[in-house]
Amino acid sequence: MPILFDPQARTFHLRNGQVSYLIRVLANGALGHVYFGGTLAESGPRGHLASREFLGFDNRLGEPVPLEYPTAGIGDYRVPALVVRAPDGSTANDLRYVSHRTFPGKPAIPGLPSTYVQAHEEAETLEILLADTPADLEVRLYYTIFVDRSVVARSARIRSLRQVPQTLLCAMSASLDLPDSDWNLVHFSGAWARERHVVKRRLGPGSMSFGSLRGASGHQHDPSLLLQREATTEQHGEAYGLSLVYSGNFLAEAEVGAFGTTRLRLGINPEGFAWNLEPGAEFCAPEAILVYSDDGMEALSDAYHTLYRDRLARGVWRDLPRPIVINNWEATYFDFDEPRLLAIASSARELGMELFVLDDGWFGQRDGDNTSLGDWTVNLAKLPGGIGGLARKIEELGLRFGIWIEPEMISQRSRLFTEHADWVVGVPARPRTEGRNQLVLDMSRGEVVDYLFGVLSDLLSHAPISYVKWDMNRNITEPYGGALPAERQGEFFHRYILGVYDLYDRLGRAFPNVLFESCAGGGGRFDPGMLAYAPQAWTSDDTDAIERLRIQWGTSQVYPLSSMAAHVSAVPNHQVGRITPLQTRAAVAFFGVLGYELDPTTLSAEERALVAGQIEFYKAHRELFQRGRFVRLRGPFEGDGNETAWMTVSRDRKQGVVGHYRILNGPNPGPSRLRLRGLDPAATYRVSVWPAGDDAIAKANAGLRGGDELMKMGLTIRSEDPNDSRSLGDFHARLFDLDADESAHPSSRE
Ligand code: GLA
């Protein structure tokens, strides 16, 4: 049983082979946090740990013992997990243990995405009921431990038993106290076209936080917070991760107290949040996924990858190989008609691509980005046969058909705006701020969600549509729900995202075979919440191979390869104007869900041959690229960032592909090797180099190599001859394809 309860010591021990989480009911009934980290023995003399009562202000330390769900106003002056404003305006709360139960499996969270189990035996859940009796408040804390993952999933539910509403001002998904502050805080930050760059900061006295108040998780910060020791590497050392399964406003914070302890908290951003707790009604905070690793960052990432890929993503597409798409956006922008699209599709089909995505511009009068969002009816001038006509022609070519939509948005120049200006987010009597010339529909209104469900169901049921790219291109301004009374306006942002989840959920159920890809001006809502509905996301609008090294490296810290859509685009690149070799663009995009975002009819015969070869290579390794164990070898945020190397290895360690990328070449660089990881030291691998060639690097590596040799000595990525690097140039990429050769005897290694 992964959850043990010692009734004498009133201690809960959630335990598997990888982690332990200990909670104790203190003598005065407060719920103390004892430990989260590597596995401890089932029982031990742990009486000294968190044995004191919660002494609050009387405790001269000024930092009461760690609590599982700290509250404000009773002597713990660090950041709280819970703040409730009582009808008299007071905000002090004090939670005490009432009861608990454990049960196999894992409950869903009403209205919110969460990780799940397929069989009850996969996990066990602890539910602890706490109460603040004077405040008539109940809090239920949920902890799920999976049998074979280094993960604890946490969430909280808050209920008021008062006859008059109380106001919930802060309800974190998780708060975690750690006994020291010798940590680096790692998070993933950026902006449009440079999302999820790795940021590392040393913790120090006071608090460090990041979050979103945009109505979406945002391009600026990913909703996950990692801690690592100074000495932690990819392979070794301690690391913690807290990741929020949520797509709206969030807060992630690390606070170092007066005595060098650390409190982490993660949840809905309390700024601007105020939820009316109606008598008896329950508020559900989103789920936080806690991971601990003492085997470095690679193991931490792998715990997130496998959980999010296999037990957060759902539906038929969770496990299916994802199609190679051809997307017309960068090929045509708004300027297309049916013959042009069919020419692109037919040419893409010849090269081996599998699904055509019709991007923005197919509806209303949409010839630019200032009109028609909301009018999801086809523009017959561009597509005389309608979406159905085009989709059928695409299918006849042998491709599946996908479509772009941006359902949450509305243009002022649209039919929908003339009919339903009241559905638009905005503060009455205040001008609305436009972003990308568009406004936002109020997804907190049930009738808006119902309307969109009707329109989109109609679209999806009248044409053979296999894939939907669901975009969201601006954040919310003038937040205000027209259907909400004044005292509920603090609920708006959360209700908005609940509306988005509701629409996704209903469409996913009604069209279970459609593959959804989420998008928000690239990676502006790339978060675990979205992955529950759309198993892949458009990683960034930036398709430049060199920029993508950083973006995909940062994204890979938490998200699996199967979630990262990565496209080869034309040069000069449309975001940064850089000219990179076609093979380099593919070698980066391979590590994810491959697609193309260019006009294949404009490619030369030589380029077409290269693209056909890329697709052939990707198809032969698709399982590895989408579902292999991802190993980061050399990072774009390390040193001068000139080299990146990563690899993907099959779970049975029989196959792997290594990618090595060099941004700028240099003269007479000297020999250099790249040591691999994750292989079977006893196996012999046949190494081949992609693109194939007979240059020095190919010659130095191709052939039979031992797993031990590849991991201890490595691949040759620079030869000894200074002349060899002349031909490589800048923006060079090389893949090494590893295949365990069962017939090869170690003595036959070359
Ligand atoms: C966003 C997306 C792009 C494209 C455009 C269309 O920017 O991220 O991929 O779909 O919108 O307007």
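In short, a report on the structure. (Residues numbered from 1 in each chain as written. Predicted model: local features only at pLDDT ≥ 70, side-chain atom pairs only at ≥ 80, totals over all residues. Heavy atoms only, no water.)

## Regarding the sheet that holds strand β1 (residues 3–6)
Okay, step 1: If you trace the four strands from one edge of the open sheet to the other, you get β1-β2-β3-β4, paired in antiparallel fashion. Here the strands that pair on one side only, and so sit at the sheet edges, are β1 and β4 (31–38). Sheet twist, expressed as the average angle between the axes of neighbouring strands with direction ignored, equals 15°.
Okay, step 2: Across five bridges, strand β2 (residues 11–15) lies against strand β3 (residues 19–25) in antiparallel orientation. From the neighbouring strand, R15 faces β3, where its bridge partner is S20. (Pairing = 2+ DSSP bridges. Helix = DSSP H or I, 4+ residues; strand = E, 2+ residues; numbered from the N terminus. Axes fitted to C-alpha atoms, helices over the stretch in contact; angles between N-to-C directions.)

## Some remarks on the side chain of N642
Okay, step 1: When you line up the elements, N642 lands in the loop between β31 (629–634) and β32 (643–649).
Okay, step 2: Looking at N642, its side chain comes within polar contact range of the main-chain nitrogen of L664, at 2.9 Å.
Okay, step 3: When sequence neighbours within four positions are dropped, the list of residues in contact with N642 reads Y661, R662, I663 and L664. (Polar contact = N/O pair within 3.5 Å; in protein donor to acceptor, adjacent residues only side chain to side chain. Contact = heavy atoms within 4.5 Å.)

## Here's the deal with the sheet that holds strand β28 (residues 536–538)
Sheet strands pair via backbone hydrogen bonds, and the direction of the pair is either parallel or antiparallel.
Okay, step 1: With parallel pairing, the eight strands of this closed barrel are ordered in space as β21-β22-β23-β26-β27-β28-β29-β30. If you compare each strand with its neighbour and ignore which way they point, the axes differ by 30° on average.
Okay, step 2: Pairing of β28 with strand β29 (residues 564–569), which is carried by two bridges, proceeds in the parallel orientation. The residue of β29 that forms the bridge with A537 is M564.

## Describing the site of the ligand
Okay, step 1: Lining the immediate surroundings of the ligand are 13 residues, of which D359, D360, R436, K469 and D541 lie closest.
Okay, step 2: D359 is positioned with one of its side-chain polar atoms (N or O) 2.6 Å from an oxygen atom of the ligand.
Okay, step 3: In isolation the ligand has 310 Å² of accessible area, and contact with the protein removes 96% of it.
Okay, step 4: Here the shell around the ligand is built from residues that sort into four nonpolar, three polar and six charged. (Near = heavy atom within 4 Å. Areas by Shrake-Rupley, 256 points an atom, 1.4 Å probe, with all protein chains shown as cover. Nonpolar A, V, L, I, M, F, W, Y, C, P; charged D, E, K, R; others polar.)

## Looking at the packing of aromatic side chains
Ring pairs (aromatic) are described by centroid distance and by the angle formed between their planes.
Okay, step 1: Scanning the model with the defined rule gives 41 aromatic pairs in all.
Okay, step 2: An aromatic cluster is present here, built from F590, F591, F617, Y618, F625, F630, W646, Y661 and W690 joined pairwise through their rings.
Okay, step 3: Residue placement shows R149 over the ring face of F146; its charged tip is 5.8 Å from the ring centre.
Okay, step 4: The ring of F336 has K382 sitting right over it, with the charged end atom 4.6 Å from the ring centre. (Phe/Tyr/Trp six-rings, centres within 6.5 Å; stacked < 30°, edge-to-face > 60°. Lys NZ or Arg CZ within 6 Å of the ring centre and 35° of its normal.)

## What to know about the packing of helix α3 (residues 338–351) against helix α11 (residues 605–620)
Okay, step 1: At a minimum axis separation of 8 Å, α3 and α11 run at an interaxial angle of 60°. Considered as vectors, α3 and α11 are oriented oblique to each other. Across the interface between the two elements, S347, E350 and L351 of α3 pack against R608, V611, A612 and I615 of α11.
Okay, step 2: Split into classes, the residues belonging to the contact of α3 with α11 amount to four nonpolar, one polar and two charged. (Parallel < 35°, antiparallel > 145°, perpendicular 65-115°, else oblique.)

## As for the packing of α3 against helix α4 (residues 386–397)
Okay, step 1: Relative to each other, α3 and α4 sit at 25°, their axes nearing to 10 Å. Viewed along their axes, α3 and α4 adopt a mutual orientation that is roughly parallel. For the pair α3 and α4, the sense of crossing is right-handed. Touching E338, L341, L342, A345, S346 and R349 of α3 are L390, K393, I394 and L397, all from α4.
Okay, step 2: Its residues assigned to classes, the contact of α3 with α4 comprises six nonpolar, one polar and three charged. (Left-handed = near helix turned anticlockwise from the far one by under 90°.)

## A closer look at the pairing of β32
Okay, step 1: Among the seven residues in β32, six count as buried, and that is most of the element.
Okay, step 2: Summarising the sheet, β31 and β32 pair through five bridges and their orientation is antiparallel. Paired with R632 across the bridge in β32 is W646.
Okay, step 3: Bridge count for β32 against strand β33 (residues 655–662) is seven bridges, and the pairing is antiparallel. When the sheet's bridge partners are listed, W646 is paired in β33 with G659. (Buried < 20%, exposed > 50% of the residue type's maximum accessible area, 1.4 Å probe, protein only.)

## Details of the pattern of salt bridges
Okay, step 1: A complete count under the given rule lists 60 salt bridges for this structure.
Okay, step 2: If you follow the salt bridges from partner to partner, you end up with R101, E127, E138, R140, R157, R159 and E282 in one network. (Salt bridge = Lys/Arg side-chain N within 4 Å of Asp/Glu carboxyl O.)

## Here's the deal with helix α6 (residues 446–461)
Okay, step 1: Compared with the 22 Å implied by 1.5 Å per residue over 16 residues, the 22 Å span of α6 between its first and last C-alpha is a close match.
Okay, step 2: Lining the buried residues of α6 we find α4, β23 (400–405), β26 (467–470) and α7 (492–510). (Expected span 1.5 Å × (residues − 1).)

## Re the side chain of E354
Okay, step 1: For E354, the location among the structural elements is in the loop between α3 and β22 (355–358).
Okay, step 2: Looking at E354, the relative accessible area reads 19%, which means it is buried.
Okay, step 3: Only 2.7 Å separates the side chain of E354 from the backbone nitrogen of I324, close enough to count as a polar contact.
Okay, step 4: Excluding residues within four positions of it along the chain, E354 makes contact with R322, P323, I324, L399, R400, K619 and R622.

## What to know about unusual backbone geometry
Okay, step 1: Here the residue pair V571 and P572 is connected by a cis peptide bond, since its omega of -5° sits within 30 degrees of zero.
Okay, step 2: Structurally, the position occupied by P572 is in the loop between β29 and α10 (582–589).
Okay, step 3: In this structure, the amide linkage connecting W690 to the following residue, P691, adopts the cis form with an omega of -5°.
Okay, step 4: Within the element layout of this structure, P691 appears in the loop between β35 (684–690) and α13 (696–701).
Okay, step 5: Phi at Y333 is positive, roughly 50°, even though this residue is not glycine.
Okay, step 6: Turning to its location among the elements, Y333 is positioned in the loop between α2 (329–332) and α3.
Okay, step 7: Residue classification places Y333 among the partly exposed positions, given a relative accessible area of 31%.

## Here we look at the pairing of strand β20 (residues 287–293)
Okay, step 1: Along β20, seven of the seven residues are buried, which leaves the element largely enclosed by surrounding structure.
Okay, step 2: Going residue by residue along β20, you find E287, I289, V291 and S293 tucked away on one face and A288, L290 and Y292 tucked away on the opposite face as well.
Okay, step 3: Where strand β15 (residues 239–245) and β20 come together, seven bridges link them in antiparallel fashion. Paired with L242 across the two strands is L290, which belongs to β20.

## Observations regarding the state of the cysteines
Okay, step 1: A full pass over the atoms with the stated rule returns zero disulfides.
Okay, step 2: Considering cysteine sulfurs only, C284 is the nearest to C170, which forms no disulfide, with 16 Å between them. (Disulfide = S-S within 2.5 Å.)

Take it as geometry only, folks, not as evidence of what the structure does.
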